[in-house]
Amino acid sequence: MPDITDLRRALEEIHDLSMAGALLGWDQQVMMPRSGAAGRAEQLATVSRVVHERFTRDELRALLDDLRQVEGSLDPLSDDASLIRVARRDYEKARRVPPELQSALSREASISMVTWAAAREADDFASFRPALERMLELRREYAACFAPADDPYDPLLDDFEPGMRTDEVRAVFAVLEPALRELLAAAPDEPEPRFRPGPYPRAAQEELSLELVRAFGFEDGSFRLDPTVHPFCSSLGIQDIRLTTRYAEDDLYGTSLFSTMHETGHGLYEHGISPSLARTLLASGCSSALHESQSRLWENVVGRSLPFWRWFYPRVQGAFPGALGDVSLEEFHRAVNRVRPSFIRVDADETTYGLHIILRFELEQRLLSGELAAADLPEAWNTRFEELLGIQVPSDRVGCLQDVHWSAGLFGYFPTYQLGNVVSAQIWERLLVDLPDAYEQIERGDFSAIGGWLREHLYALGRKLTPAETIAHVCGGPIDPEPYLRYLRGKSTALVGS
Ligand code: ZN
């Protein structure tokens, strides 16, 4: 009888190498002096090539083939059966893509990202267009590796949401679009809150951020929190989570606190994975949308709720008496929940955010199919943006050039942000059934039962189940936009009433 130990050993080595790559990546964005960039790009390319080579070896296929019988005799939910199943799926996918295409994608992406950054800075779409065309061409080639697909977008989406189909996303967005537009139209036209623009001294912000990370469930010794330009979370192991955030002394609620809560949500997911899955390819969040459901749950569902601010606002106010001394809890809470159309996706509120995503989801499909020429992107963007959000885009810089994703060849990624919002509300509704006093706990600053529930029902699973199976396991049904709409409608009613 073949033994799973050989497979485990082979995968552990690959996992260790991937984590070494992740550390190089973390260091690049947090610690590395600027001039290290060229050398770092080579190191990262080498590590990812070695990982890819090792993972796609014929020996691994032989191991997986030998284990078919063993797999059949195991409980499908056991760690071993899950490891064999997911390793096989990853392996089949990785083998479909020629190594030359894989390296062309990553090489061209790094060139194209530099071109994009300069084009955005100069507000010059024309200088980015050839790079965008090249990335589209490479991604079409990549999608063709998985032919036949029902929809050419399916293979791209599958990289972020394994098993999800484009028409499922369309169905969710078809419900969201009219509902979000209606909510936006009904939002009160409030003036800009008249807070003093700080100063919010950085040291105090750091202290508040750390307090949140610990309160949400991290124990010292298992995480770091460092400043960076674009906040992210990286896991180097279940007990080594690297959180990052961003501080601005003239802007409190736009930056550090919500970024910290967002990245802590990602981090708690990785930190809550069952230790029995450590050093395997199951030791990671299930998909981009599930991951985003957790960053959004902690940042928005918890972190923008009134009970949360009843607990935390006195601390924030106490830390910045000059800026917030005469701002009431209610004013602050309203300010961090204000619904209004804006140009930049990452600054969008919970209601309009989905409209930003629907725009990108539609346009990237049309770009990939060739129905929309890259040259016509700015016009198509601006027209549809105004239709969805009701404001006119003044420049490509805050229009179609604002996001890095397309320059990096990341087509199929955007919808997962909004699916994450949708799933966050589904999970929260389910959690409230088991923890009906969750909001009272939040108001006391006690997040242990909430964190424990999420760990038990979701985090511990890692990648054992597919996204659809994971959602069904946690929520008892398929992905459903209604809980998110109930959540937003409830919030808007409460805010209008307050
Ligand atoms: Zn995120």
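Preceding this section is the structure that the text describes.
In short, a report on the structure. Each chain has its residues counted from 1, following the order in which its sequence is written. Where totals are concerned, whole chains, interfaces and linings use all residues; where local detail is concerned, this predicted model gives features only for residues with pLDDT of at least 70, and gives and counts side-chain atom pairs only at 80 or more. Side-chain measures were taken over the full set of non-hydrogen atoms in the model, leaving aside hydrogen atoms and water.

**Quick word on the overall build of the chain**
In this text, helices come from DSSP runs of H or I with a minimum length of four residues, and strands from runs of E with a minimum of two, each type numbered from the N-terminal end. A tally of regular secondary structure across the chain gives 22 helices and three strands. Just to be clear, the radius of gyration here is over C-alpha atoms, and the globule rule we use is 2.2 Å times residues to the power 0.38. In terms of overall dimensions, the chain is globule-like: its C-alpha atoms have a radius of gyration of 23 Å, near the 23 Å expected for 498 residues. Taken along its principal axes, the extent of the C-alpha atoms in the chain is 70 × 50 × 45 Å. Burial classes: relative accessible area under 20% of the type maximum marks a residue as buried, over 50% as exposed, and values in between as partly exposed (1.4 Å probe, protein chains only). Across the 498 residues that make up the chain, the buried fraction comes to 52%. Across the chain, the fraction of contacts at a sequence separation of at least 24, relative to all contacts at a separation of at least 6, is 73%. Of the roughly 21700 Å² of accessible surface on the chain, a fraction of 53% belongs to carbon and sulfur atoms. In this charge count, Lys and Arg are treated as positive and Asp and Glu as negative; neither His nor the chain ends contribute. Lysine's charge is taken at NZ, arginine's at CZ, aspartate's at CG and glutamate's at CD. In the chain, 52 side chains carry a positive charge and 78 a negative one; their mean positions are 2 Å apart. By definition, residues are in contact when any of their heavy atoms lie within 4.5 Å. Using a 1.4 Å probe, accessible areas were evaluated by the Shrake-Rupley method; residue-level cover was limited to the displayed protein chains.

**Remarks on the coordination of the zinc ion**
Surrounding the zinc ion are the protein donor atoms H262 (NE2), H266 (NE2) and E292 (OE), which sit 2.1 to 2.4 Å from the metal. Here the term donor refers to an N, O or S atom within 2.8 Å of the metal (or 3.2 Å for Na, K and Ca), and because water is left out of the atoms, sites may appear incomplete. For the zinc ion, the donor residues sit on a single chain with the sequence spacing H-x3-H-x25-E. With a gap of four residues between them, H262 and H266 both fall in helix α11 (residues 256-271), about one helical turn apart. Judged by relative accessible area, which is 13%, H262 ranks as buried.

**Focus: unusual backbone geometry**
The step from A147 to P148 runs through a cis peptide bond, and the omega angle for that step is -5°. Structurally, P148 can be placed in the loop between α7 (125-144) and α8 (154-158). Positive phi outside glycine occurs at D123, with the angle close to 50°. Phi at R279 is positive, roughly 60°, even though this residue is not glycine.

**Some words on helix α18 (residues 414-434)**
A helix's residues, less one, multiplied by 1.5 Å, set its expected span. Under the 1.5 Å per step criterion, the end-to-end length of α18 is 32 Å for 21 residues, consistent within 8% with the ideal 30 Å. The element α18 is largely enclosed, with a buried count of 16 among its 21 residues.

**Observations concerning the packing of α11 against helix α13 (residues 306-319)**
Lines fitted to the C-alpha atoms define the axes, with helices restricted to the stretch that makes contact. Angles between their N-to-C directions range from 0 to 180 degrees. Relative orientation of the contacting elements α11 and α13 amounts to 130°, with a least axis distance of 14 Å. In terms of orientation, α11 and α13 fall into the oblique class. Considering how the two elements wind past one another, α11 and α13 form a crossing that is right-handed. Of α13, the residues touching α11 (which contributes L257, F258 and M261) are F308, W309, F312 and V316. For this classification, Asp, Glu, Lys and Arg are treated as charged, while Ala, Val, Leu, Ile, Met, Phe, Trp, Tyr, Cys and Pro are nonpolar and the rest, including Gly, are polar. A breakdown of the residues in the contact of α11 with α13 according to their chemical character gives seven nonpolar, no polar and no charged. Convention used here: angles under 35 degrees read as roughly parallel, angles over 145 as roughly antiparallel, angles from 65 to 115 as roughly perpendicular, and any remaining angle as oblique. Put simply, a crossing is left-handed when the front helix is turned counterclockwise from the back one by less than a right angle, and right-handed when it is turned clockwise.

**Observations concerning the sheet that holds strand β3 (residues 241-245)**
As summarised here, the arrangement of the three strands in space is β1-β3-β2, forming an open sheet in which the pairing is mixed. Looking along the sheet, the strands with just one partner apiece sit at the ends: β1 (223-227) and β2 (233-235). Strand after strand, the sheet turns through a mean of 15° between neighbouring axes, direction not considered. With three bridges joining them, β2 and β3 adopt antiparallel strand pairing. Note on β3: the bridge partner recorded for S235 is I241. Sheet strands in contact with helix α10 (residues 202-216) are β1 and β3, and its direction is about 150° off that of β1. Pairing between two strands requires that DSSP report at least two bridges joining them.

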